[in-house]
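A look at the structure
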Amino acid sequence: MNKEIDALNVADLTYNEAGLIPCIVQDASTKDVLMMAWMNAETVQRTLDERTTWFFSRSRNRLWHKGEESGNVQRLVELRYDCDADTLLALVEPAGPACHTGQNSCFYRSFDL
């Protein structure tokens, strides 16, 4: 990817009607999908500036820093956006489990097929 040609500003992302954009979080080393959370322009910018993940909690209607309660901070390695600029992919180095249940990933359950 040519980062100069593909460079995008935080304001140029495509947010939904609530001003949010989904962010998939993936372990940069193992490639395991850890979680999905919502971001707004402020949390995208904070994540880029501070190099740790920030999200917007719809249930609490506030910004939250991943690990603020658990200590399981996610150090940002890279923040990517998709071809439509309406979904983000955060590659991180997690300091512990991503899920509030204590599981490594929020995606630890599956349907029986």
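Refer to the structure printed above.
Residues numbered from 1 in each chain as written. Predicted model: local features only at pLDDT ≥ 70, side-chain atom pairs only at ≥ 80, totals over all residues. Heavy atoms only, no water.

**Remarks on the pairing of strand β4 (residues 62-65)**
Direction of pairing for strand β3 (residues 54-57) relative to β4: antiparallel, over a ladder of 4 bridges. Along β4, the bridge assignment pairs S57 with R62. The hairpin turn running from β3 into β4, its antiparallel successor, is 4 residues long, and N61 in that turn takes a positive phi close to 50°. (Pairing = 2+ DSSP bridges. Helix = DSSP H or I, 4+ residues; strand = E, 2+ residues; numbered from the N terminus.)

**Focus on the layout of surface pockets**
By rolling a water-sized probe across the atoms, one finds the places where empty space is left. Roughly 560 Å³ of volume is contained in the largest pocket. As for the largest pocket, its lining consists of 25 residues, of which M35, R60, W64, K66 and H100 are closest to the centre. The element that contributes the greatest number of residues to the lining of the largest pocket is strand β2 (residues 33-39), accounting for 4 residues. (1 Å grid on protein atoms, 1.4 Å probe; cavity = no way out; pocket = protein on both sides within 12 Å on 5 of 7 lines; lining within 4 Å. Points joined across faces, edges and corners; volume = space filled by probe spheres on them.)

**Description of the nonpolar core**
One broad trend across soluble globular proteins is that nonpolar side chains are buried collectively. One finds C23, V25, M35, V44, F55 and L88 to be the most contacted residues of the largest nonpolar core, which totals 19 residues. If you list the elements that add at least two residues to this core, you get β1 (21-27), β2, β5 (74-81) and β6 (88-94). Per-element accounting of this core gives the leading share, 4 residues, to β2. In this structure, M35 is in contact with C23, I24, V25, F55, W64, K66, Q74, A98, C106 and F107, ignoring residues within four places of it in sequence. Core analysis: the second largest hydrophobic core is formed by 5 residues, L20, W38, W54 and F56 among them. (Core = buried A, V, L, I, M, F, W, Y, C linked by side-chain atoms within 4.5 Å. Buried < 20%, exposed > 50% of the residue type's maximum accessible area, 1.4 Å probe, protein only. Contact = heavy atoms within 4.5 Å.)

By themselves, these are just geometric observations and shouldn't be taken as functional.
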